[in-house]
Amino acid sequence: MHEWKIVLAGALLLAGCSGAPAEQAAEKAAEPEGNNILHISWGGIAEADQGEAKRHWSTYAINLVDGGPAYGWQSEKSIRFPYTLNFELAGNGKIEAVAIDSRFEPVVREDGSMSQTAEGSPVRRFAMLGSTTGPEGPFELLVDGEAKADAHTVVKLPKEARARWLRLRIDSNWAGSGATRLSDVAIIGDVEQRGAAAVADVSGVYSHEYGPIMLRQRGNEILGCYNNGLGTLRGTIFGRIMRLAWFSNEEGSIGAATLVAANDKLYGFWYRPEDKMGSPWNADRKSGIDGTGLGKCRAVLYPPV
């Protein structure tokens, strides 16, 4: 897939110097035991951080919940510590451990560019805070520690804690200043009533910088349309988690996506065949949007009786 229009089609479906003591290959570490309940497939989301819209999508905060180091988050060069990133689980989580991953994995991006080196300095000192009340808190400290540079660090909580809204406080990076990077964040534990945070109905129009998307929910079935009716979506929703297939008639291509509906937004990723990630895709729910493509989309999703 190529060009932004195509990125949208797929999306709809579902350091230089690190500042570490020495340059070395990404450390291979055993994954922590247990469920990563912050992963997008569990309904976990990462909120956009300040100024991210000006950066390449491979540095968006949503990449921190994709479960791997190929894409991650990178801050502005002018970052000031402490700096916070906000996350939300699909329900109250029983949390046992936190995993911070700053390994770097070179990858050919969807737009054809190649990430050759890790830019910015990996997170060093951090704290994870949690709340069961709301996204504004109050927050309590769950655990703090030091993440290894260019490595995968697991920190167990002193005792199991409960939280739904999470705040990662970054207190320093290995360089001491400048742009900061992180590849992945995992929350190890379980979610109480995983489907409890369901959106009543995701039907409606969502605005994305490359054009509007229309969704229709019928029970657990999701239908979608984009690109002037030339692209369609179909799949199911459980709780707030959508697993979809996308098809672009214009390209003759097909793929998959995982999207989470929360806070009047869509969060998630689209995938190429063989489940290779295309790019992140976030959109805002709107009402009364009239634009190119919605007429044909309405005819597709709401055919006359």
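Residues numbered from 1 in each chain as written. Predicted model: local features only at pLDDT ≥ 70, side-chain atom pairs only at ≥ 80, totals over all residues. Heavy atoms only, no water.

1. Structural notes on the packing of aromatic side chains
By the definition in use, this model includes 3 aromatic pairs. Between Trp57 and Tyr71, the aromatic rings sit 5.1 Å apart at their centres with planes inclined by 55 degrees, giving tilted as the arrangement. Taken together, the residues span a long stretch of sequence, with Trp57 in the loop between β2 (45–46) and β3 (73–74) and Tyr71 in the loop between β2 and β3 at a distance of 14 residues. Residue class for Trp57 comes out buried when judged on its relative accessible area of 6%. Measuring from ring centre to ring centre gives 5.9 Å for Trp246 and Trp270, while their planes differ by 85 degrees; the resulting arrangement is edge-to-face. Residue Trp246 is located in strand β15 (residues 241–248), and its partner Trp270 is located in strand β17 (residues 265–271); the two are separated by 24 residues in the primary sequence. The residues Trp246 and Trp270 share a single accessibility class, namely buried. Between the NZ or CZ atom of Arg124 and the centre of the ring of Trp174, over which it lies, the distance is 3.9 Å. (Phe/Tyr/Trp six-rings, centres within 6.5 Å; stacked < 30°, edge-to-face > 60°. Helix = DSSP H or I, 4+ residues; strand = E, 2+ residues; numbered from the N terminus. Buried < 20%, exposed > 50% of the residue type's maximum accessible area, 1.4 Å probe, protein only. Lys NZ or Arg CZ within 6 Å of the ring centre and 35° of its normal.)

2. Notes on the pattern of salt bridges
Close approach of charged atoms allows side chains of opposite charge to pair. Summed over the entire model, instances satisfying the criterion amount to 12 salt bridges. For Arg124, the salt bridge goes to Glu146, with nearest N and O atoms at 3.2 Å. Taken together, the residues span a long stretch of sequence, with Arg124 in the loop between β5 (121–122) and β6 (125–131) and Glu146 in strand β7 (residues 140–146) at a distance of 22 residues. Judged by relative accessible area, which is 28%, Arg124 ranks as partly exposed. (Salt bridge = Lys/Arg side-chain N within 4 Å of Asp/Glu carboxyl O.)

3. So, unusual backbone geometry
Cis geometry is found at the peptide bond from Phe81 to Pro82, where omega equals -5 degrees. Positionally, Pro82 belongs in the loop between β3 and β4 (83–101). Residue Pro138 is bonded to the preceding Gly137 through a cis peptide linkage, with omega at 10 degrees. Examined against the element boundaries, Pro138 turns out to sit in the loop between β6 and β7. Here Asn263, not a glycine, exhibits a phi torsion of approximately 55 degrees, which is positive. With respect to the helices and strands, Asn263 occurs in the loop between β16 (253–262) and β17. Here the phi dihedral of Asp264 falls at roughly 60 degrees; this positive angle occurs in a residue that is not glycine. Here Asp264 shows up in the loop between β16 and β17. By relative accessible area, Asp264 is classed as exposed at 54%.

4. Looking at the nonpolar core
As a rule of thumb, soluble globular proteins bury nonpolar side chains together. In terms of nonpolar packing, the biggest core is built from 46 residues, with Trp73, Phe87, Met128, Leu166, Leu168 and Val185 touching the most fellow members. Those elements giving two or more residues to this core turn out to be β2, β4, β6, β7, β8 (152–170), β10 (184–191), β16 and β17. Membership of the second largest hydrophobic core comes to 18 residues, among which are Met242, Trp270, Trp281 and Ala283. (Core = buried A, V, L, I, M, F, W, Y, C linked by side-chain atoms within 4.5 Å.)

5. Section: the side chain of Ser253
Mapped onto the elements of the fold, Ser253 is located in strand β16. Taking the relative accessible area as the measure of exposure, Ser253 reaches 17% and is therefore buried. In this structure, Ser253 is in contact with Trp246, Phe247 and Ser248, ignoring residues within four places of it in sequence. (Contact = heavy atoms within 4.5 Å.)

6. Details of the confidence of the model for the protein chain
Per-residue pLDDT for the protein chain has a mean of 84; in total, 83% of the residues score no lower than 70. Contacts of residues 1–29 to residues separated by more than four positions or lying in other chains number 94 contacts, the stretch itself having pLDDT below 50. (pLDDT = per-residue confidence, 0-100.)

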